[in-house]
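One letter stands for each residue in the lines below.
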Number of protein chains: 2
Amino acid sequence: MSPTPRSTPTRYRHRARSDRAVLDAVLDAGFLCHLGVVIDGAPLVVPTIYGRDGDTLYLHGSTGSGNLRAASTGGVSVSVTHVDGIVYARAAMHLSINFRSAVIHGRPTTVTDPDEQLRAMRIVVDNVTPGAWPAVRQPTKKELAGTLVLALDLTEASVKVREGGPIDEPEDVAVGGVWAGVLPLRQLWDAPVPADDLEPGVPVPDHVLARIAGSPVAG
Amino acid sequence: MSPTPRSTPTRYRHRARSDRAVLDAVLDAGFLCHLGVVIDGAPLVVPTIYGRDGDTLYLHGSTGSGNLRAASTGGVSVSVTHVDGIVYARAAMHLSINFRSAVIHGRPTTVTDPDEQLRAMRIVVDNVTPGAWPAVRQPTKKELAGTLVLALDLTEASVKVREGGPIDEPEDVAVGGVWAGVLPLRQLWDAPVPADDLEPGVPVPDHVLARIAGSPVAG
């Protein structure tokens, strides 16, 4: 990562992580980001899915999406956050949350080469639905033509992690009697629900079973 | 809600909800939002906590936070998203996620009256750590002076909900053999972890136990 003023935290510096591996881990633990763009001078933040390949974050959506078109012509900010727990402290000001957060800044480029576009879409699909790509019908030329794929370089990014218990004032700890600690929060898959129009006899595929069996994901 | 052009979806209109109760439900199901501001013409999206009281969303943070200062002087976009599951379809283009999403646009006002500031902070605390406020040490005047509290009107907002199974092309369904359905995702509290500096004999309070016993939250 190459720090710039806007990617360098000015507050809570101890929560900042400059290790590129931590950025990758935060991104790879999720599939939903919040994409910020500027439209008519005002900010707009929308949720969207993503995938990462090396130093590039891929986003895609309909060519009819105003948000994605704005992202393709201007700067963006992409934020990925996982909440790991609630931090109960002895003072209102120290109540907090444990989290892992990545914020990426940059100007995405539009992926125009059809092969590269297809590859990028697969990277997003592999992140959101790992293992599904080989099983499903591939995008048609018409579907690809209606899809805008953006590539965002991960160079300008900041990562923050808050973990562990509350950090209280010594005088608040000394008073005693107030419970303090962390209530951990995690995500869990429930049993898969077959589609109403699924024909009988089609088993839940291994890639879905593996997902359920694997460690709970962060979203 | 009073629709404006930017709060009126142009795509996937069937996923839009204009019922104010749905907006409130999406906001009240979570405590983390992604706040978008414009700084030097570029978007910045950061995660932060919030609380709702009637028609107002409250945010707070340090007066030293450049993001919050930008929010207090310009427009903001606040996005709250809950992911409810992964939608497995028969075609790559129809793989999707089930979600509930609210996006609010507006210009927050800075809460300057000390009583109102304290009330707003309690609303945020009550949302993030319900029941904790009466148990913890209240903010001091110095702590309040270092806290910037913003109030954002909920009038200009859009809500989208995607639920249910995949929506595939009839010809893809006809091919058969590909599993389709939803893999539900939810959040779960784990057992509370006492702070290292918690003195022996302080039980986990009822408000934390009630949270664990309650229905799983969306974050």
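Description of the structure in this document. Fair warning: this is a prediction, and the values are worked out from it, not measured in the lab. (Residues numbered from 1 in each chain as written. Chains lettered and ligands numbered in written order. Predicted model: local features only at pLDDT ≥ 70, side-chain atom pairs only at ≥ 80, totals over all residues. Heavy atoms only, no water.)

A few words on the state of the cysteines. Enumeration according to the criterion identifies zero disulfides over all chains in this entry. Note on Cys33 of chain A: no disulfide assigned, nearest cysteine sulfur contributed by Cys33 of chain B at a separation of 16 Å. The buried category is assigned to Cys33 of chain A, whose relative accessible area is 0%. (Disulfide = S-S within 2.5 Å. Buried < 20%, exposed > 50% of the residue type's maximum accessible area, 1.4 Å probe, protein only.)

As a further point, take the interface of chain A and chain B. With 86 residues of chain A at the contact, the number on the chain B side is 86 residues. For the pair chain A and chain B, the summed buried area comes to about 7,100 Å², and 67% of that belongs to carbon and sulfur atoms. The largest share of the area that chain A buries against chain B comes from Pro43, Met93 and Trp179 of chain A, three residues that together contribute 10% of it. On the surface where chain A and chain B come into contact, there are six salt bridges. (Contact = heavy atoms within 4.5 Å. Buried area = accessible area lost by both parts, 1.4 Å probe. Salt bridge = Lys/Arg side-chain N within 4 Å of Asp/Glu carboxyl O.)

Further remarks concern the pairing of strand 2 (residues 32-39) of chain B. Residues and elements named next belong to chain B. Within strand 2, six of the eight residues are buried, which leaves it mostly tucked inside the rest of the structure. Where strand 2 and strand 3 (residues 42-53) come together, eight bridges link them in antiparallel fashion. Considered in strand 3, the bridge of Ile39 is made with Ala42. In textbook terms, the turn of a hairpin is the stretch between consecutive antiparallel strands, and for strand 2 and strand 3 this stretch comprises two residues, one of which, Asp40, has a positive phi near 55°. Of the strand pairs in this sheet, strand 2 and strand 5 (residues 76-88) are connected by three bridges, and their pairing is antiparallel. In the strand pairing of strand 5, Gly36 is matched with Ser77. (Helix = DSSP H or I, 4+ residues; strand = E, 2+ residues; numbered from the N terminus. Pairing = 2+ DSSP bridges.)

One copy of the chain maps onto the other through a rotation about an axis followed by a shift along the same axis. Of the two same-sequence chains, chain A is brought onto chain B (RMSD 0.0 Å, axial shift 0.0 Å) by a rotation of 180°. Taken together, the rotation and translation relating the two chain copies correspond to the operation of a two-fold axis. Looking at the rotation axis and the C-alpha trace of chain A, the residue lying nearest is Gln187 of chain A, at 2.2 Å. When you check the interface residues of chain A against chain B, 100% turn up at the interface there too, and the contact is symmetric in its surfaces. (Least-squares fit on C-alpha atoms with pLDDT ≥ 70 in both.)

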